[in-house]
Amino acid sequence: MLQAVTEMMEGEGPTARQQDVLDAVLRLLVEEGDRLTMTAVARRASCSKETLYKWFGDRDGLLTATVQWQASKVRVPPVDRKGLDLGSLTASLERFASDWLRVISSDTSVALNRVAVVHAGSDKRDLGAIVLERGRFALGRRLKPVLEAGREAGLLEFDDAEEAFRTFFGLVARDVQIRLLLGDRLELTDAGIDGDAARATQQFLALHGAKTGPKAL
């Protein structure tokens, strides 16, 4: 059933009604944490449990879809490999960074990650594994082709795409996520987030930007 959920999320994506359900799950996680049940979701989303089981299979399937729905809010604008230049690469990286900062700083993501951390330290590791696979690892799979396109165009220099991605991720996140998980009430404005995204992108380009200039196309 988890495979079916993945195909739904990575294909045409959830329907508007399914999105309403997933948003209800996120709100319940903020309110109830790990006490979330299929019954509570059905009540909050005004649908039957039978419908939930039909769409998502079980609680793990529902949580998987919820994590993927949250991660899908981080956009990775497609790049034109043939016409890629420093401006379009920079814009793509900044968009990813600002979207990601907005997602991880939301109350829903903080609640989701707190539950995942609790699972990771207990006998039930399901949500922790789901958040890693459908969140952090999935985002890496989506952004690394952009980094590799930048390398092919002679705009970036790195040996390993995963290491380059981790560097960029670290520059974007800094200590924001851990401070939010520990209860620090950071005030992240839209302007502040966009500024942090631009700053992280410039720092990444200073580390991995090509020193010899782009290749001739």
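Rules and cut-offs
Residues numbered from 1 in each chain as written. Predicted model: local features only at pLDDT ≥ 70, side-chain atom pairs only at ≥ 80, totals over all residues. Heavy atoms only, no water. Helix = DSSP H or I, 4+ residues; strand = E, 2+ residues; numbered from the N terminus. Buried < 20%, exposed > 50% of the residue type's maximum accessible area, 1.4 Å probe, protein only. Contact = heavy atoms within 4.5 Å. Areas by Shrake-Rupley, 256 points an atom, 1.4 Å probe, with all protein chains shown as cover. Core = buried A, V, L, I, M, F, W, Y, C linked by side-chain atoms within 4.5 Å. pLDDT = per-residue confidence, 0-100. Phe/Tyr/Trp six-rings, centres within 6.5 Å; stacked < 30°, edge-to-face > 60°. Salt bridge = Lys/Arg side-chain N within 4 Å of Asp/Glu carboxyl O. Expected span 1.5 Å × (residues − 1). Polar contact = N/O pair within 3.5 Å; in protein donor to acceptor, adjacent residues only side chain to side chain.

## Things to note about the overall build of the chain
Helix and strand counts for the chain come out as 11 helices and zero strands. For the chain, the N- to C-terminal ordering of α and β elements is α-α-α-α-α-α-α-α-α-α-α. Looking at the chain as a whole, 44% of its 217 residues are labelled buried. Contacts spanning at least 24 positions in sequence make up 74% of the contacts within the chain whose residues lie at least 6 apart. Accessible surface for the chain amounts to roughly 11200 Å². Of this, 52% is attributable to carbon and sulfur atoms.

## Here we look at the nonpolar core
If you look at the biggest cluster of nonpolar residues, it comprises 35 residues, and the most contacted ones within it are Phe96, Trp100, Leu143, Leu147 and Phe168. Those elements that place two or more of their residues in this core are α6 (86-104), α8 (126-152), α9 (161-173), α10 (176-181) and α11 (190-208). The dominant element in this core, judged by the number of residues it contributes, is α6, at eight residues. Apart from residues lying up to four places away in sequence, Phe168 is in contact with Leu93, Phe96, Ala97, Leu143, Ala200, Thr201 and Phe204.

## Description of the confidence of the model for the chain
Put simply, the chain has an average pLDDT of 86, and 89% of its residues get 70 or more. When the elements of the chain are averaged for pLDDT, helix α1 (residues 2-10) gives the smallest value, 53, and α11 the largest, 97.

## Structural notes on unusual backbone geometry
One non-glycine residue, Ser46, adopts positive backbone phi at about 55 degrees. The topology assignment puts Ser46 in the loop between α3 (38-45) and α4 (49-56). Phi at Arg174 takes a positive value of approximately 50 degrees, unusual for a residue other than glycine. Classification of Arg174 by relative accessible area gives partly exposed; the value is 49%.

## Observations concerning the environment of Phe56
Among the secondary structure elements, Phe56 is positioned in helix α4. Given the relative accessible area of 0%, Phe56 is considered buried.

## Describing the packing of aromatic side chains
To describe a pair of aromatic rings, one takes the distance between the centres and the angle between the planes. Applying the stated rule across the entire model yields six aromatic pairs. A ring pair is formed by Phe96 and Phe168, whose centres lie 6.2 Å apart and whose planes are at 40 degrees; its orientation type is tilted. Within this pair, whereas Phe96 is found in helix α6, its partner Phe168 is found in helix α9, the two being separated by 72 residues in sequence. Grouping residues by exposure puts Phe96 and Phe168 together as buried. Ring-pair connections join several aromatic residues into one group, and the members of that group are Phe96, Trp100, Phe165, Phe168, Phe169 and Phe204.

## Points about the pattern of salt bridges
In a structure, side chains of opposite charge can pair up when their charged atoms sit close to one another. In this structure the tally under the stated criterion is 13 salt bridges. Across the pair Asp190 and Arg102 runs a salt bridge whose closest N-O atoms are separated by 3.4 Å. Separated by 88 residues along the polypeptide, Asp190 in helix α11 and Arg102 in helix α6 bring together distant segments of the chain. A salt bridge links Glu163 to Arg166, with the shortest nitrogen-to-oxygen separation between them at 3.4 Å. With a gap of three residues between them, Glu163 and Arg166 both fall in helix α9, about one helical turn apart. With a relative accessible area of 43%, Glu163 lands in the partly exposed category.

## Some details on α9
Taking 1.5 Å per residue as the helical rise, α9 with its 13 residues ought to reach 18 Å, and the 18 Å between its terminal C-alpha atoms agrees with that figure. Capping the start of α9, Asp160 holds a side-chain oxygen 3.0 Å from the backbone nitrogen of Glu162, two or three residues further along. Arg174, located one to two residues past α9, shows a positive phi value of around 50 degrees.

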